[in-house]
Amino acid sequence: RQSGNIDYDRRQQIRLHFEEHSTISRGRSRTAARIIEAESHTLEGGRIVAWSDSTRRFSAGDKASVTTSIRRFNPKYESYARLMFHRGFVGSASVGEPYDIAPSRYKTLHEAAVERLSAIVPHDNAGAVVVAMTTGSRDAITPELRRAYSLSGASHILAVSGMHVGILFLLINLLVYPLGILPHGNILKSAVAIVAVWGFVVLCGLPPSAVR
């Protein structure tokens, strides 16, 4: 797909398949979606960064028909635009009402984990931090708490990243250390650690910060 063939800034009806859960960024809801149908057929199959106001949340697997226009990425950030285009993103779009949404019929492991953990932790800032550090979901983090972590330089703690994966990997290796005395025990230890780590990453919704 060449960027010159894409019909930008034309208001049209498109049908989207949301690929991930919405997150809050710069006071707005942000997620990634793939265009499965569009009046401009050159857009079909492309991915977009879908923006909405913070009261609208989408889940992975949701589908929606919306009338909007696809915007180019800011030319001021040329390297970012090239990277996003290389990943299949053709631009960004605002998803506002009216739209016709078909929610996903299936609850993902990530959604189930967030729902389960949110039900048992305190409904306060401490509970919100526990959920964020464990599952990567920052939906319960208030703007004030987010700002406090940002000013302290510790905002990375609220996102599941390589640090969390590394800590889990060390803990798993400590727990399975006795397996080393068995024949082929080192192979078994490595297999258990790999399965456990990837299971945790899947449970967190496969965030890019943890996958890479």
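Shown above is the structure to which this text applies.
A short tour of the structure in this document, coming up. In this text, all values refer to a predicted model and were calculated from it rather than measured experimentally. (Residues numbered from 1 in each chain as written. Predicted model: local features only at pLDDT ≥ 70, side-chain atom pairs only at ≥ 80, totals over all residues. Heavy atoms only, no water.)

## Examining helix 2 (residues 109–120)
Here's step 1: Helix length check: helix 2, at twelve residues, gives a terminal C-alpha distance of 17 Å against a target of 16 Å (1.5 Å per residue), a fit within 8%.
Here's step 2: All of the buried residues along helix 2 are His110, Glu111, Ala113, Val114 and Leu117. Around the axis of helix 2, the buried residues are gathered within 160° of arc, so they sit on the same side. Turned more than 90 degrees from where helix 2 packs its buried face, Arg116, Ala119 and Ile120 sit exposed.
Here's step 3: On its buried side, helix 2 packs onto helix 3 (125–135) and helix 6 (185–203). (Helix = DSSP H or I, 4+ residues; strand = E, 2+ residues; numbered from the N terminus. Expected span 1.5 Å × (residues − 1). Buried < 20%, exposed > 50% of the residue type's maximum accessible area, 1.4 Å probe, protein only. Arc of directions from axis to C-beta. Contact = heavy atoms within 4.5 Å.)

## A closer look at the environment of Ala210
Here's step 1: When you line up the elements, Ala210 lands in helix 7 (residues 208–211).
Here's step 2: Taking the relative accessible area as the measure of exposure, Ala210 reaches 11% and is therefore buried.
Here's step 3: Considering only alpha carbons, one finds Ala210 and Asn173, 37 residues apart in sequence, at a separation of 18 Å.
Here's step 4: Non-local contacts of Ala210, meaning those with residues more than four positions away in its chain, are made with Val160, Ser161, Val165 and Val201.

## Regarding the packing of helix 2 against helix 3
For any two helices packed against each other, the geometry comes down to the angle between their axes and how far apart the axes lie.
Here's step 1: Where helix 2 contacts helix 3, the axes come no closer than 10 Å and their chain directions differ by 155°. By the angle between their directions, the pair helix 2 and helix 3 is classed as roughly antiparallel. Helix 2 and helix 3 meet at a crossing whose hand is right-handed. Here helix 2 contributes His110, Ala113, Val114, Leu117 and Ser118 to the contact with helix 3, which in turn contributes Val130, Val131, Thr134 and Thr135.
Here's step 2: Split by residue class, the contact of helix 2 with helix 3 holds five nonpolar, four polar and no charged. (Axes fitted to C-alpha atoms, helices over the stretch in contact; angles between N-to-C directions. Parallel < 35°, antiparallel > 145°, perpendicular 65-115°, else oblique. Left-handed = near helix turned anticlockwise from the far one by under 90°. Nonpolar A, V, L, I, M, F, W, Y, C, P; charged D, E, K, R; others polar.)

## Some words on the packing of aromatic side chains
Here's step 1: A complete count under the given rule lists two aromatic pairs for this structure.
Here's step 2: A ring pair is formed by Phe18 and Phe58, whose centres lie 4.2 Å apart and whose planes are at 5°; its orientation type is stacked. Here the residue Phe18 occupies a position in strand 1 (residues 12–18), and Phe58 occupies one in the loop between strand 4 (47–53) and strand 5 (63–68), the gap between them amounting to 40 residues.
Here's step 3: Arranged with centres 5.7 Å apart and planes meeting at 80°, the rings of Phe73 and Tyr80 form a pair that is edge-to-face.
Here's step 4: Judged by relative accessible area, which is 14%, Phe73 ranks as buried. (Phe/Tyr/Trp six-rings, centres within 6.5 Å; stacked < 30°, edge-to-face > 60°.)

## Things to note about unusual backbone geometry
Comment: phi is negative for the bulk of residues other than glycine, and the bulk of peptide bonds are trans.
Here's step 1: A positive phi angle, close to 60°, is found at Asp9, a residue other than glycine.
Here's step 2: Inspection of the secondary structure puts Asp9 in the segment before strand 1.
Here's step 3: Look at Asp9 and you get exposed, because its relative accessible area is 56%.
Here's step 4: Even without being glycine, His184 reaches a positive phi, approximately 60°.
Here's step 5: Turning to its location among the elements, His184 is positioned in the loop between helix 5 (162–175) and helix 6.

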